[in-house]
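# Working through the structure, step by step
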Amino acid sequence: MSKFVLIGSGLAGGLLAAYLGRRGYEVDLYERRADPREGNIVGGRSINLALSTRGIHALERLGIADEVLQHAIPMRGRMIHDKSGGLHFAPYDVDPNKHINSIGRAALNTTVIEAAQRYPNVRVHFNHRCIDVDLHEATAHLETSSVETAVSAANPEIVEARGDAVIGVDGAFSAVRQSMQKKLEKFEYDESYLAHGYKELTIPPGPDGSWQMEKQALHIWPRKSFMMIALPNPDGSFTCTLFWEFEGPRSFKTTKTDEDVRRFFDEEFPDAVPLMPTLLEDFQQNPTGSLVTIRCAPWSYRGKVALVGDAAHAVVPFYGQGMNAAFEDCVVLDECLAEFPDTRERAFAEYFSRRKENADALADLAIENFIEMRDKTASRAFRAKKKLDHLLEGVLPGIYLPLYTMVTFTRIPYAEAARRARLQDRIMYAALILLAMLILAISILLFR
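One structure accompanies this document, and this report is about it. (Residues numbered from 1 in each chain as written. Predicted model: local features only at pLDDT ≥ 70, side-chain atom pairs only at ≥ 80, totals over all residues. Heavy atoms only, no water.)

### What to know about the overall build of the chain
Regarding its fold elements, the chain presents 14 helices and 19 strands. Since a compact globule built from 448 residues should have a radius of gyration of about 22 Å, the 24 Å found for the chain is in line with a globular shape. Principal axes of the C-alpha set define a box for the chain whose edges measure 85 × 55 × 40 Å. Counting the 448 residues in the chain, one finds 51% classified as buried. Once local pairs closer than 6 in sequence are excluded, the contacts in the chain between residues at least 24 apart make up 69%. For the chain, the exposed area adds up to about 20,400 Å²; of that, 54% sits on carbon and sulfur atoms. (Helix = DSSP H or I, 4+ residues; strand = E, 2+ residues; numbered from the N terminus. Rg over C-alpha atoms; globule rule 2.2 N^0.38 Å. Buried < 20%, exposed > 50% of the residue type's maximum accessible area, 1.4 Å probe, protein only. Contact = heavy atoms within 4.5 Å. Areas by Shrake-Rupley, 256 points an atom, 1.4 Å probe, with all protein chains shown as cover.)

Below, the structure is given as structure tokens:
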């Protein structure tokens, strides 16, 4: 049986290790950070995730979905906060039972790592940083050091991890992908950054441990060119994320002092400020992250190396699908390895063929949804369109599906969902024009 070396024990890395372990492969999983189960979680980096149908399906196939969802809070729609403090709730779907799930990264990461370690053929190694990959030999070169001693940190040992294949599940700034970029002549790579960055903030629980806002909602403060969102946590807190321009007259760059921060939040988010006692400390101390979209091709080399998740296709977070898409990668790769057990190169190529178009479609959808969330959700026209979507979905079940429903609550491939939504919109707008013309014609006949 083949041996896989996996680089990165984040969410998709742990899940993929479990899938490969279940198939009987030997798996060595290497992670540059310390064991997250020991509390080694870096704060200020958007710890909340939105788990939906695609991700749940991937967990169900391993029998761990119920275990994960015990830690989740259902979010049944968007709660829109306008500048005057008014609230408008917009359900995600016509079916009230359909919801997305807010879950903390640490709890989910722990669950998938432990699921992988249930297989005796899976071994997990923390504090191992990949510095290079030999693509021809399927060998990863890693620096290893103990976080407990300054001596070992200053003089890391270099180890080799050999396998039949190396899989990079090591995120948007993947060391495995960088090795492919350097060593493959025909490797296509594109990265694009939004002009916006993000900063994590906090709304703590109430004095009695209760949630200070509606807990079963994703809260959005849309402000045209920027926005803030908040997701609930099991302890009664909300993790807030401010998405704002890096530069400009009003931006992260120009908002430096406590007075600047307080003035900005008082003007833009007056209903949130009383709920954020650590606002100034959070704003000054938490890092400002960047938002990158990464596209590349190919995702594999000769059956020796492959990329999964953000390493292959990082997307901005505005559809809540980055993790779900990475989990779906694991499902598809597992299926391809089952279909072509004796031809790993064919399995990797088939995986790429099935996922590349959909990953590119999701990248576009995520950017479009950012514009929708920050610019449109506060408008009456947008809310009317959503109500019409839900009306048509109810009247034409299985025939008409809103784009959000297809992306979030089905496993329809992302590219197919995007094409179907465009067709539905053209038909709907044509029907509205015909209806308007008919009403005009009837009016003319009645009042001649």
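Moving on, there is more to tell.
### Regarding unusual backbone geometry
Cis geometry is found at the peptide bond from Ala297 to Pro298, where omega equals -5°. Located in the positive-phi region is Ala138, a residue other than glycine, with phi close to 50°. By secondary structure assignment, the location of Ala138 is in the loop between β9 (128-134) and β10 (139-144). Although it is not a glycine, Lys224 sits at a positive phi angle of roughly 70°. Residue placement: Lys224 occurs in the loop between β14 (218-222) and β15 (227-232). Overall, Lys224 belongs to the exposed group, its relative accessible area being 57%.

### Remarks on the environment of Ile56
Looking at the secondary structure, you find Ile56 in helix α2 (residues 53-60). Between the alpha carbons of Ile56 and Asn324 there is a distance of 8.0 Å; along the sequence they are 268 residues apart. Ignoring anything within four residues of it in the chain, the contact list for Ile56 reads Leu51, Ala65, Leu69 and Asn101.

### A few points about the packing of aromatic side chains
Between two aromatic rings, the relevant description is the distance of the centres plus the angle of the planes. Taken as a whole, this structure holds 21 aromatic pairs when the rule is applied. When the centroid spacing of 3.9 Å and the interplanar angle of 10° are considered together, the rings of Trp244 and Phe264 count as stacked. Of this pair, Trp244 sits in strand β16 (residues 238-245) while Phe264 sits in helix α7 (residues 258-268), and the two are 20 residues apart along the sequence. Among the residues examined, Trp244 registers a relative accessible area of 1% and is labelled buried. Note on Phe264: relative accessible area 4%, which makes it buried. Members of the aromatic cluster, joined through ring pairs, are Phe226, Trp244, Phe246, Phe252, Phe264, Phe265, Phe269 and Phe283. The ring of Tyr414 carries the charged tip of Arg54 above its face, separated from the ring centre by 4.1 Å. One Lys or Arg, Lys199, reaches over the ring of Phe283 and ends 5.1 Å from the middle of that ring. (Phe/Tyr/Trp six-rings, centres within 6.5 Å; stacked < 30°, edge-to-face > 60°. Lys NZ or Arg CZ within 6 Å of the ring centre and 35° of its normal.)

### Observations regarding the nonpolar core
Counting residues in each nonpolar core, the largest one holds 74 residues, and the members touching the most others are Leu6, Leu15 and Ile167. Here this core gets nine residues from one element, more than from any other, and that element is helix α10 (residues 322-339). With near-sequence residues (within four places) excluded, Leu15 lies in contact with Ala58, Leu59, Leu62, Ile64, Val112, Phe327 and Cys330. Ranked by size, the runner-up nonpolar core spans 36 residues in total, among them Ala50, Val316, Tyr404 and Phe409. (Core = buried A, V, L, I, M, F, W, Y, C linked by side-chain atoms within 4.5 Å.)

### Considering the pairing of strand β7 (residues 100-104)
Burial analysis of β7 places four of its five residues in the buried class, the great majority of the element. Strand direction decides the pairing type here: strand β3 (residues 48-51) and β7, joined by four bridges, are antiparallel. Pairing of Leu49 across the sheet is with Ile103, part of β7. Pairing geometry for strand β4 (residues 73-75) and β7, over three bridges, is antiparallel. Across the sheet, residue Ile73 finds its bridge partner in β7, namely Ser102. (Pairing = 2+ DSSP bridges.)

### With respect to the sheet that holds β4
Taken in spatial order, the three strands make up an open sheet running β3-β7-β4, and their pairing is antiparallel. One side of each edge strand has no neighbouring strand; the edge strands of this open sheet are β3 and β4. Strand-to-strand twist in this sheet, taken as the mean axis angle between neighbours without regard to direction, amounts to 35°. (Axes fitted to C-alpha atoms, helices over the stretch in contact; angles between N-to-C directions.)

### As for the sheet that holds strand β8 (residues 122-125)
As summarised here, the arrangement of the six strands in space is β8-β2-β1-β12-β19-β18, forming an open sheet in which the pairing is mixed. Because the sheet does not close on itself, it has two edges, and the strands there are β8 and β18 (300-301). Here strand β12 (residues 165-168) runs beside strand β19 (residues 305-307); their pairing, made up of three bridges, is parallel. Across the sheet, the residue bridging to Gly168 is Leu307, located in β19.

### Description of a nonpolar patch on the surface
On the surface, Leu438, Ile442, Leu446 and Phe447 cluster together into a nonpolar patch covering about 470 Å² of accessible area. Along the polypeptide, Leu438 turns up in helix α14 (residues 414-446). (Patch = residues over 30% accessible without salt bridge, like charges linked within 9 Å, V, L, I, M, F, W, Y side chains within 5 Å. Salt bridge = Lys/Arg side-chain N within 4 Å of Asp/Glu carboxyl O.)

So yeah, pure geometry; function would need other evidence.
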